[in-house]
Amino acid sequence: MTAQVSETLIYHGKELMMFSNPLDPYLRAAGLHFESMNTANWRGYEGTWEIKGSEATGEGLYLVALEANRSFDEIVGLAELFPGFPDGVFAHWFSGEIRLPQGDLLEYVHGGYASQYEYDLFLEIKKGLLVSKRAVHNKARS
Amino acid sequence: MSVYWNDWVTWLYVYLAVGLMTALIFYGFSLKDRPTKFVRDMRSALGLGKTLKDHLQDILVYSIAMMVICVGWPGFLVWAALKKREDRMRELEEDEPTFICKPEFLVRTVSPLEAEQANHVHDPLGLVPKAPFGHLNGPWGKFLAEFGFEDGNELWYFEVPKGSSTGEYDMFDGPISGYAKVVNGKIMGEFVIEGS
């Protein structure tokens, strides 16, 4: 399996790689799937996400942009998949940890999201809401 | 020519004749699994064709197998019947859809109305549709439309705890929750509202 192109997360104004696919549970529930155009993107789409909100209202995970291959010659975006939500789609269907690798690449692995970076920031999401975060300092595997 | 049915040798011949017929039937089935002429020609062209030794070996193996079946045909018939039954069961198992929800994850029965009342989504920016299940309202409607409210059909809330794995090849990790259609104790459909 080839290493997979990551999703993108905007967090505190920074664009970060995201080694998780929070859109997948929605696609499974809705019975949707996209066409893969190359082996580096088996899921057939690339999404941009953002953590939005404040401490007072709570922070949530929102899908803010999407490029997905409905077929080999038809690319759809957020407006086609979620008409009427140009400011973002709250990912209330997602619960789990999202992984945000940061720093230097320690080890490239030619498969999935298995490459290892200097740090991993994990955000724990519960029904779309950010509930906690933790960071892990990685060491190169010998 | 008269047949002596009281003679055990006659019965031995009958037994062996049935055995021979059984062996020929097994041989016929084995021919069905042979590579096609195209494949045999391809293998010959690649230098992987059968040698004289291979042919002699085949004749020897088939002859021994035929003799063994002639003698022990009742056992072979029982074995063939059991194997066919096992293959059929495996086919049925493979055809069955696999669900994330397993019986041990079922929590309680609910009515569709209760499910909808428990699933109004509120988000920090107030962007989610004001409908049950938010952006999943459409898929929920489809799930209900296919549910079929006949007697015996039950709607269950289910939860896969964090740290549990489920689904085909255990590829989904909890926490996962949703609603399952249960008919006579068997899970027949599911609607996942939360997962990763």
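Data block above holds the structure.
Bear in mind that the values here come from a model prediction, so they are computed numbers and not experimental data.

(A) Representation of the sheet that holds strand β5 (residues 176-183) of chain B in the model. Residues and elements named next belong to chain B. Pairing is antiparallel across the open sheet formed by 4 strands, whose spatial order is β1-β2-β5-β6. Across the chains shown, the open sheet's two edge strands, defined by having one partner strand only, are β1 (106-109) and β6 (186-194). In this sheet, adjacent strand axes meet at a mean angle of 30° when their direction is disregarded. Pairing of β5 with β6 involves 7 bridges; the strand directions are antiparallel. Among the inter-strand pairings, Tyr 179 is bridged to a residue of β6, identified as Phe 191. Sitting on the sheet, helix α5 (residues 137-147) touches β2 (153-160), β5 and β6, and the angle it makes with β5 is about 15°.

(B) Focus on unusual backbone geometry. Residue and element names in this part refer to chain A. Despite not being glycine, His 12 has its phi angle at roughly 55°, a positive value. Within the secondary structure, His 12 is located in the loop between β1 (7-11) and β2 (14-18). Backbone geometry places Lys 127, a non-glycine residue, at a positive phi of 50°. Residue placement: Lys 127 occurs in the loop between β8 (116-126) and β9 (129-137). Residue Lys 127 is classed as partly exposed on the basis of its relative accessible area, which comes to 35%.

(C) Structural view of the pairing of β2(A). Residues and elements named next belong to chain A. In the sheet, β1 pairs with β2 via 5 bridges, with the strands oriented antiparallel. From the neighbouring strand, Tyr 11 faces β2, where its bridge partner is Lys 14. What sits between the antiparallel neighbours β1 and β2 is a turn of 2 residues, in which His 12 has the positive phi angle 55°.

(D) The arrangement of a nonpolar patch on the surface in detail. Residues and elements named next belong to chain B. Side chains of Trp 8, Leu 12, Tyr 15, Leu 16 and Val 71 sit close together on the surface and give an oily, nonpolar patch of about 490 Å² of accessible area. The element contributing the most residues to the nonpolar patch is helix α1 (residues 8-32), with 4 residues. Within the element layout of this structure, Val 71 appears in helix α3 (residues 52-95). The class of Val 71 is exposed, set by a relative accessible area of 53%.

(E) Layout of the layout of surface pockets. Its boundaries defined by the atoms lining it, the largest pocket holds a volume of some 830 Å³. A:Asn21, A:Asp24, A:Arg28, B:Phe172 and B:Ser196 are the residues nearest the centre of the largest pocket, which is lined by 24 residues in total. The set of elements that each furnish at least two residues to the lining of the largest pocket consists of α1 (24-30) and β7 (96-107) of chain A together with β4 (172-173) of chain B. Residues of the lining of the largest pocket, tallied by class, amount to 9 nonpolar, 8 polar and 7 charged. Within this model, the second largest pocket holds a volume of roughly 470 Å³. Lining the second largest pocket we find 15 residues, and of these B:Arg34, B:Arg40, B:Lys50, B:His55 and B:Asp58 sit closest to its centre. Those elements that place two or more of their residues in the lining of the second largest pocket are α1, α2 (37-45) and α3 of chain B. No other element matches α3(B), which puts 4 residues into the lining of the second largest pocket. Split into classes, the residues belonging to the lining of the second largest pocket amount to 6 nonpolar, 4 polar and 5 charged.

Cut-offs used in this document
- Residues numbered from 1 in each chain as written.
- Chains lettered and ligands numbered in written order.
- Predicted model: local features only at pLDDT ≥ 70, side-chain atom pairs only at ≥ 80, totals over all residues.
- Heavy atoms only, no water.
- Pairing = 2+ DSSP bridges.
- Helix = DSSP H or I, 4+ residues; strand = E, 2+ residues; numbered from the N terminus.
- Axes fitted to C-alpha atoms, helices over the stretch in contact; angles between N-to-C directions.
- Contact = heavy atoms within 4.5 Å.
- Buried < 20%, exposed > 50% of the residue type's maximum accessible area, 1.4 Å probe, protein only.
- Patch = residues over 30% accessible without salt bridge, like charges linked within 9 Å, V, L, I, M, F, W, Y side chains within 5 Å.
- Areas by Shrake-Rupley, 256 points an atom, 1.4 Å probe, with all protein chains shown as cover.
- Salt bridge = Lys/Arg side-chain N within 4 Å of Asp/Glu carboxyl O.
- 1 Å grid on protein atoms, 1.4 Å probe; cavity = no way out; pocket = protein on both sides within 12 Å on 5 of 7 lines; lining within 4 Å.
- Points joined across faces, edges and corners; volume = space filled by probe spheres on them.
- Nonpolar A, V, L, I, M, F, W, Y, C, P; charged D, E, K, R; others polar.

The values are spatial; any link to function lies outside them.
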